[in-house]
Amino acid sequence: MAASVREKQTVALKRMLNFNAPPLKNTAAEPVWKVLIYDRFGQDIISPLLSVKELRDMGITLHLLLHSDRDPIPDVPAVYFVMPTEENIDRICQDLRNQLYELYYLNFISAISRSKLEDIASAALAANAVTQVTKVYDQYLNFITLEDDMFTLCHQNKELISYHAINRADIQDTEMEAIMDTVVDSLFCFFVTLGAVPIIRCPRGNAAEMVAGKLDKKLRENLRDARNSLFTGDNMAAGQFSFQRPLFVLVDRNVDMATPLHHTWTYQALIHDVLDFQLNRVVMEEGAGADPSPAGARPKKKNRKTYDLTAADKFWQKHKGSPFPEVAESVQQELDSYRAQEDEVKHLKSIMGLEGEDDGAISMLSDNTAKLTSAVSSLPELLEKKRLIDLHTNVATAVLDHIKSRKLDVYFEYEEKLMSKSTLDKSLLDIISDPDAGTPEDKMRLFLIYYITAQQAPSESDLEQYKTALLDAGCDLSPLNYIKQWKAFTKMAATPANYGNSGVKPMGLFSRVMNTGSQFVMEGVKNLVLKQHNLPVTRILDNLMEMKSNPETDDYRYFDPKMLRGSESSIPRNKNPFQEAIVFVVGGGNYIEYQNLVDYAKFKQGKKVVYGCSELSNAAQFTKQLSQLGQK
């Protein structure tokens, strides 16, 4: 399988940092030292892909925000990586006037308009700096890749294209157009970077259809303009990973409103749900737990710790989709194996009577050194291993605290039953009125899922009873107001989403947790094992990718930007199942759906699925948007 989107975007960035020439293979040559100037958008795109160390290896000595106070550094070249906005352009012109750097390489994240280019040109003329502006490039990198198979459109002003923004009751057509254009611009960048022209499918009559129509038009215009097409020649040669074109499925968030509110049970989605996790970085307050410090220790200060969960972290790559109890067990195993290795090194030292000697003395002994050298040479690896174990111990412990204090296992199990329409073992009212179970927000999420998935809405009197219980529990009812309108509206439009017969098999309580020496005291937390089932988004993809006939998706529109205009029915359609697909959710996505698609693709040999969304929101953020919509 050829390069993933993440690799392609990384290659494009490295190329840009190398003054838009392919990076040299021989690493012996000293890189050209340069300064990188980015705006917040550029920062968000680079930070999940390149670490500071990698930037340094590329010759970046300083990386600064465009709108910060920067001192002139007259003899270095500067690489700019910014959005072509008014204020950014003004600032670049100001830099030219102030003669901050020796050479300017201007890279725009998204295509710059003719008029703005002229602004820069006139500023360069006025500042007598025309020769110093070496290159101006449109990079078409206006999207953020978080995993090999996952991307999101923007992180900075994401409220501008959020679910709330698209579904406001008082939205003007012009505002809607602007939102759609923003989304399409990013998707266009995505396909330019991917180097492929997709076949687009989307449902009728919602935001996804508007995006599909606009994207089709934009791709079509670019393909027609043969001289400047971004999909021909060398770009494409690199991009052709197979003769088949990818399928691009656009769906609207409204297809499935329960999943974004769902309590989850896999590691990555849990972290996103209960901790502060954005752009692959977790921010935690240390010592926030109520556990007493060990005797004689000074009380901890609260300080913020950030952890990066990267592609290089093998434990993370292996377990981010595992159910939480499995993760806790694996962290414990890693810890035990690390301790064993550490003890071996200590043991070797003591045999050789070198307790407390320095390394110099060690290397002088030559007889028993072979063993020791191997132990010592494995130290850097051991230290890295220890760093990752500490990271996951801390993160997993923080997640576990939330699970225990909020009874998230109970919520997860109950919601799965609601979504799969299986029999419930206790009444919803009991959970809502149980003061120990979860926060008001957890209760609201549970009730919304019940309301969304119910075949027929609860009767007025029942609803009043639920509302009273929710208010007593301290919930804000405005999300419910919106969901009521939404449900009344979709009832006319479509059938309720079907969540497949998902099921959770409780494996009994943890056998007093694995072994008593464990870090994780998981008493009373249910050991739930997931059964594979497809969420609505995955099911839609499956129908379209495998060319299955299904009333749910038969009506989806079909766009092929490469075809000359014909009426939709007359376009010759691709009849073979697709090997590659990109699913994109307009109105926000989440890690639960992403994980579900990853699991789905595991069972399909040779198929490749990428998940994208206009913004990543966890349940708390999504509930907040619903409540804003409900307050109107």
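Just so we're clear, the structure is a prediction, and the values are computed from it rather than from any experiment.

## What about the overall build of the chain?
Helix and strand counts for the chain come out as 23 helices and 17 strands. The buried share among the 632 residues of the chain stands at 51%. A separation of at least 24 residues holds for 79% of the contacts in the chain among residues at least 6 apart in sequence.

## Some words on the pattern of salt bridges
Scanning the entire structure with this criterion turns up 29 salt bridges. Of the charged contacts, one joins R406 and D442 as a salt bridge, the two residues approaching to 2.8 Å between their closest N and O atoms. Linking R406 in helix 15 (residues 379-406) with D442 in helix 18 (residues 440-453), this pair joins segments that are 36 residues apart in sequence. Side by side, R406 and D442 carry an identical accessibility label, which is buried. Through salt bridges that share partners, R6, E147, D148 and K320 make up one connected network.

## Section: the pairing of strand 5 (residues 133-138)
Across 5 bridges, strand 4 (residues 103-108) lies against strand 5 in parallel orientation. Across the sheet, Y104 pairs through a bridge with V133, a residue of strand 5. On the question of chirality, the crossover connecting strand 4 to the parallel strand 5 by way of helix 5 (residues 114-126) is right-handed.

## Here we look at the packing of helix 18 against helix 19 (residues 460-472)
The interhelical angle for the contact between helix 18 and helix 19, taken along N-to-C directions, is 165 degrees, at an axis separation of 11 Å. Relative to helix 19, the element helix 18 lies roughly antiparallel. Crossing of helix 18 against helix 19: the hand is left-handed. Contacts between helix 18 and helix 19 involve K443, M444, F447, Y450 and Y451 from the former and L463, Y466 and L470 from the latter. Partitioning the contact of helix 18 with helix 19 into residue classes produces 7 nonpolar, no polar and 1 charged.

## Observations concerning unusual backbone geometry
A positive phi angle, close to 60 degrees, is found at F19, a residue other than glycine. Summarising the element assignment, F19 is placed in the loop between helix 1 (5-17) and strand 1 (34-38). Judged by its relative accessible area of 14%, F19 falls in the buried class. The phi torsion at N20 lies on the positive side, around 60 degrees, for a residue other than glycine. You can see N20 is positioned in the loop between helix 1 and strand 1.

## A few points about a negative patch on the surface
A cluster of like negative charges, contributed by E86, E87, D90 and D119, occupies part of the molecular surface. The biggest single contributor to the negative patch is helix 4 (residues 86-98), with 3 residues. You can see D90 is positioned in helix 4. Judged by its relative accessible area of 46%, D90 is partly exposed.

## What to know about the confidence of the model for the chain
Should pLDDT be low for a region, the predicted coordinates there are not to be read in detail. Here the chain shows a mean pLDDT of 82. Residues at 70 or above account for 83%. Averaged pLDDT values over the elements of the chain bottom out at 44 in helix 9 (residues 234-239) and peak at 94 in strand 3 (residues 77-82). With pLDDT under 50 throughout, residues 234-242 is counted as low confidence; its partners more than four residues away or in other chains account for 14 contacts. Across residues 288-299, confidence stays below pLDDT 50; counting only partners more than four residues off in sequence or on other chains, it has 5 contacts.

## Some thoughts on the nonpolar core
F81 and I271 are the most contacted members of the largest nonpolar core, which totals 76 residues. At 7 residues, the largest contribution of residues to this core is made by helix 15. Among residues more than four places away in sequence, those in contact with I271 are F277, V282, L309, W316, V395 and V399. Ranked by size, the runner-up nonpolar core spans 41 residues in total, among them F188, L194, A212 and V610.

## A closer look at the packing of helix 15 against helix 16 (residues 408-419)
Across the interface, helix 15 lies against helix 16 with an axial gap of 6 Å and an inter-helix angle of 75 degrees. When the interaxial angle is binned, helix 15 and helix 16 end up roughly perpendicular. Residues H402, I403 and R406 of helix 15 form the contact with helix 16, whose own contacting residues are L408, D409 and Y411. Grouping the constituent residues of the contact of helix 15 with helix 16 by class yields 3 nonpolar, 1 polar and 2 charged.

## Things to note about the sheet that holds strand 4
Read from one edge of the open sheet, 5 strands run 2-1-3-4-5, paired in parallel fashion. The open sheet is flanked by strand 2 (60-65) and strand 5, the only strands paired with a single partner. Pairs of neighbouring strands in the sheet enclose a mean axial angle of 15 degrees, with direction left out of account. Sheet analysis places strand 1 next to strand 3, joined by 4 bridges and oriented parallel.

## Focus on helix 16
Along its 12 residues, helix 16 runs 16 Å from first to last C-alpha, staying within 8% of the 16 Å computed at 1.5 Å per residue. The element helix 16 is largely enclosed, with a buried count of 12 among its 12 residues. The complete set of buried residues in helix 16 reads L408, D409, V410, Y411, F412, E413, Y414, E415, E416, K417, L418 and M419. Just downstream of helix 16 lies K421, where phi reads positive at about 55 degrees.

Cut-offs applied
- Residues numbered from 1 in each chain as written.
- Predicted model: local features only at pLDDT ≥ 70, side-chain atom pairs only at ≥ 80, totals over all residues.
- Heavy atoms only, no water.
- Helix = DSSP H or I, 4+ residues; strand = E, 2+ residues; numbered from the N terminus.
- Buried < 20%, exposed > 50% of the residue type's maximum accessible area, 1.4 Å probe, protein only.
- Contact = heavy atoms within 4.5 Å.
- Salt bridge = Lys/Arg side-chain N within 4 Å of Asp/Glu carboxyl O.
- Pairing = 2+ DSSP bridges.
- Right-handed = clockwise from strand over helix to strand, strands pointing away.
- Axes fitted to C-alpha atoms, helices over the stretch in contact; angles between N-to-C directions.
- Parallel < 35°, antiparallel > 145°, perpendicular 65-115°, else oblique.
- Left-handed = near helix turned anticlockwise from the far one by under 90°.
- Nonpolar A, V, L, I, M, F, W, Y, C, P; charged D, E, K, R; others polar.
- Patch = residues over 30% accessible without salt bridge, like charges linked within 9 Å, V, L, I, M, F, W, Y side chains within 5 Å.
- Areas by Shrake-Rupley, 256 points an atom, 1.4 Å probe, with all protein chains shown as cover.
- Lys, Arg positive; Asp, Glu negative; His and termini not counted.
- Charge placed at Lys NZ, Arg CZ, Asp CG, Glu CD.
- pLDDT = per-residue confidence, 0-100.
- Core = buried A, V, L, I, M, F, W, Y, C linked by side-chain atoms within 4.5 Å.
- Expected span 1.5 Å × (residues − 1).

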